[in-house]
Amino acid sequence: MAITPPPTAHIIDGNALGAKLRADVSRRTAALQARGITPGLAVVLVGDNPASQVYVRNKVKACTDGGLHSVLDRYPATMTEAELLARIDALNHDNSIHGILVQLPLPAHIDAHKVIEAISPAKDVDGFHVASAGALMVGQPGFWPCTPYGCMKMIESIGYDLRGKHAVVIGRSNIVGKPMALMLLQKNATVTICHSATADLKAMTLQADVIVAAVGKRNVLTADMVKPGAVVIDVGMNRNDEGKLCGDVDFDGVSRVAGFITPVPGGVGPMTITMLLVNTLEAAERDAAQRGLA
Ligand code: GUN
């Protein structure tokens, strides 16, 4: 009879790491406030997408809890593209706002790319602007997208040296997969990006020292696809048949093989919001330095 081995993987706790990083954000925010500057984030929500409403509420609450100033701009789904662009322009010129986040998806009649490109790159705390993507590509200062940035912090938190390691990223989105691959490359990993047209995903993942799963589909990664001791980061946010939150990784199986694993919930999710605060604080610090206030 086959005996199921016990979980061996160390769990990387996103709630605990996020809390530690947010405490640092609060300290740096207090230091800026002592000089009369409060970091400010504007969150823009158009329409009444239920998931988006939850996300923006959480983002605004995290800001307030961290001592940052935040503004939630809610508009009806009938808002025109021109009206939204005018609002972005006003926020670009508002000195009390250091970060601007337009929650996606936007209603179909609004061109999301055009809206993101209208955000000043100095306030692009989501890291979605082409200027931010370009800065990451060439290793210049900019803003890193919050989810892959949070994944990097999780890998850093276990003292893992990526140099010479093989990292496999599953998923090639502009928001997670592609920037994740560039960040891993910047730390001298050898990086493979896998996607829906990859011929033999298992052959790739079995060679990986680090696997980042960012597809948005359950059980993309199972125990038989993982090298013993590998670091597994799960970006997925899905529901199982019982309606419970789960990631892209078969956690029960993979945690018996991997060396480190992130859970869902309580893994990458809390880190994404944390990195939004980090980016907003960073934007305020850069603005203060540029204006000779810091
Ligand atoms: N929609 C889902 N995730 C995100 C995010 O991280 N940023 C924005 N702006 N919209 C999203």
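In what follows, the structure referred to is the one given above.
All values derive from a computational prediction rather than experimental measurement.

Time to look at the packing of aromatic side chains. All told, the structure shown has one aromatic pair when counted by the stated rule. A cation over a ring is seen here: lysine 165 above tyrosine 160, with NZ or CZ 5.2 Å from the ring centre. Over the ring of phenylalanine 143 we find arginine 286; its NZ or CZ atom is 4.3 Å from the centre of that ring.

What follows deals with the site of the ligand. For the ligand, the full set of nearby residues is Lys59, Leu101, Val102, Gln103, Leu104, Asp126 and Phe128. Contacts to the ligand include valine 102, whose backbone N or O atom sits 2.8 Å from a nitrogen atom. Here leucine 104 contributes a backbone N or O atom positioned 2.9 Å from a nitrogen atom of the ligand. Taken together, the residues of the shell around the ligand break down into four nonpolar, one polar and two charged.

Tracing the backbone shows valine 138 in helix H5 (residues 130–138). Relative accessible area serves as the criterion here: at 57%, valine 138 is assigned to the exposed category. Placed 118 residues apart in sequence, valine 138 and arginine 256 show a C-alpha to C-alpha distance of 38 Å.

The next subject is helix H2 (residues 50–65). Here H2 contains 16 residues, and its C-alpha end-to-end distance of 23 Å stays within 8% of the 22 Å for a straight helix at 1.5 Å per residue. Residues of H2 that are buried include every one of Ser52, Val56, Lys59, Val60, Ala62 and Cys63, and no others. The arc that holds the buried residues of H2, viewed along the axis, is 160°, so those residues lie on one side. In H2, the exposed positions angled more than 90 degrees off the buried face are occupied by Pro50, Arg57, Lys61 and Asp65. Lining the buried residues of H2 we find strand E2 (40–46), strand E3 (69–75), strand E4 (99–102) and helix H10 (268–290). One or two residues past the end of H2 sits glycine 67, with phi positive at roughly 90°.

Picture the strands of a sheet paired through backbone hydrogen bonds; they go either parallel or antiparallel. Strand order in this open sheet of six strands is E1-E11-E8-E7-E5-E6, and the pairing throughout is parallel. Either end of the sheet is taken by a strand with one partner, and the two such strands are strand E1 (10–11) and strand E6 (190–194).

So, on to helix H1 (residues 14–33). Here H1 contains 20 residues, and its C-alpha end-to-end distance of 27 Å stays within 8% of the 28 Å for a straight helix at 1.5 Å per residue. Of the residues making up H1, those classed as buried are Gly14, Leu17, Gly18, Leu21, Val25, Thr29 and Leu32. Within H1, the buried residues cover an arc of 110° as seen down the axis, which keeps them to one side. Turned more than 90 degrees off the buried face of H1, the exposed positions are Lys20 and Arg27. At its buried positions, H1 is contacted by helix H6 (146–157) and H10. Near the N-terminus of H1, the side chain that reaches the backbone nitrogen of asparagine 15, with its oxygen 2.9 Å away, is that of aspartate 13.

Attention now goes to the nonpolar core. Soluble globular proteins tend to pack their nonpolar side chains together in the buried interior. Membership of the largest hydrophobic core comes to 51 residues, with the highest contact counts inside it found for Leu184 and Ile233. Here this core takes eleven residues from H10, the largest share from any one element. In contact with isoleucine 233, not counting residues within four places along its chain, are Ile12, Cys151, Ile155, Ile211, Val212, Ala213, Thr262 and Val268. Formed by 17 residues, the second largest nonpolar core is a distinct cluster that contains Ile170, Ala208, Val226 and Val249.

What counts and what doesn't
Residues numbered from 1 in each chain as written. Predicted model: local features only at pLDDT ≥ 70, side-chain atom pairs only at ≥ 80, totals over all residues. Heavy atoms only, no water. Phe/Tyr/Trp six-rings, centres within 6.5 Å; stacked < 30°, edge-to-face > 60°. Lys NZ or Arg CZ within 6 Å of the ring centre and 35° of its normal. Near = heavy atom within 4 Å. Polar contact = N/O pair within 3.5 Å; in protein donor to acceptor, adjacent residues only side chain to side chain. Nonpolar A, V, L, I, M, F, W, Y, C, P; charged D, E, K, R; others polar. Helix = DSSP H or I, 4+ residues; strand = E, 2+ residues; numbered from the N terminus. Buried < 20%, exposed > 50% of the residue type's maximum accessible area, 1.4 Å probe, protein only. Expected span 1.5 Å × (residues − 1). Arc of directions from axis to C-beta. Contact = heavy atoms within 4.5 Å. Pairing = 2+ DSSP bridges. Core = buried A, V, L, I, M, F, W, Y, C linked by side-chain atoms within 4.5 Å.

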